[in-house]
Amino acid sequence: MPMTPAADPVSLFRFVLVRTSHPGNIGSAARAIRTMGFTRMELVSPHRFPDREADALAAGADDVLSTAGVHAELVDGLAGCTFVVGLSARRRGINLPELTPREGAAQALAAARRGEQVALVFGNERTGLENDELARCHAMVRIPSVDDFSSLNLSQAVQVMAYEQRLALLGDAPLQAPPEHDRPLADAAQMERFYQHLADTLDDIDFHKGRSPETIMLRLRKLFQRAQPDERELRVLHGILADAQRMAQLANQREG
Ligand code: SAH
């Protein structure tokens, strides 16, 4: 379970590349993470993979490519993770704590030291991470590039973060721990099921009244991501939603 501190925190880290356009970047990213001692890469909807260009640019980091998971949805690439850091060149509409790579690496290390699985998530080369992808993160890291030319090549951003993460693991970074948790936190898949239940319930109680549900769902995601509920808290919330759905059904029957 995520709360048992692992012998080797390195094995708790994964680098997640979302909707990568250029297979060469996947290869370069594999090389970048391998040089810093990491091996786990998860690919979400890559445009082309496996691919000769990826193999060529991995330059021998073949184990990273051959063991990389390929997923259709981000939530599957985050399976088991309770601390998710999104890397973004720009601040998006979403209000996440914005950290430097050093701070992000220190928080990620603190989570790993508690036995939690950690994901470092990188976006598409052109569009970056979308709001709904950042909404699945607990913190955002921005590499402090200049304002008028802020976007690094994807694999170079991976290299910077992997380097900072390695420095943190080697003990060079001051520890800046997020708050301690005494119970297993809900992982990404559990949070996703909760958001689905919440969305269904809001429909059932006719909360939207014709307005678009997307904005409110993003706000609610932000709220619950910030709260980092544990599994037991999530069960209580599911219970409340199930009761609200039951009451809505009763009310509908009475009206009908
Ligand atoms: N135009 C996109 C740039 C995408 S670059 C944008 O503004 O977001 C591809 C990916 O590399 C990004 O999604 C991000 O994960 C990473 N990246 C590039 N530059 C970065 C920076 N300055 N800080 C943090 N991540 C960065």
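Refer to the structure above for everything that follows.
What counts as what
Residues numbered from 1 in each chain as written. Predicted model: local features only at pLDDT ≥ 70, side-chain atom pairs only at ≥ 80, totals over all residues. Heavy atoms only, no water. Axes fitted to C-alpha atoms, helices over the stretch in contact; angles between N-to-C directions. Helix = DSSP H or I, 4+ residues; strand = E, 2+ residues; numbered from the N terminus. Parallel < 35°, antiparallel > 145°, perpendicular 65-115°, else oblique. Left-handed = near helix turned anticlockwise from the far one by under 90°. Contact = heavy atoms within 4.5 Å. Nonpolar A, V, L, I, M, F, W, Y, C, P; charged D, E, K, R; others polar. Core = buried A, V, L, I, M, F, W, Y, C linked by side-chain atoms within 4.5 Å. Buried < 20%, exposed > 50% of the residue type's maximum accessible area, 1.4 Å probe, protein only.

Here we take up the packing of helix 8 (residues 188-204) against helix 10 (residues 231-255). In contact at an axis separation of 9 Å, helix 8 and helix 10 are set at 20° when each is read in the N-to-C sense. Considering the angle they form, helix 8 stands roughly parallel to helix 10. When you trace helix 8 past helix 10, the crossing you get is left-handed. Two secondary-structure elements touch here, helix 8 through Q190, M191, R193, F194, H197, L198, D200, T201 and D204 and helix 10 through E231, L234, L237, H238, L241, A242, A244, Q245 and A248. Partitioned by chemical class, the residues of the contact of helix 8 with helix 10 number nine nonpolar, five polar and four charged.

Counting 40 residues, the largest nonpolar core has F15, L17, M41, V118, F122 and V158 as its most contacted members. By residue number, the principal contributor to this core is helix 7 (residues 154-170), which donates six residues. In contact with L17, other than residues within four places in its own chain, are I26, A29, M41, E42, L43, V44, F122 and V158. Counting residues in hydrophobic clusters, the runner-up holds 18 residues, among them V44, V75, V121 and A188.

None of the figures reported here should be taken as evidence of function without further support.
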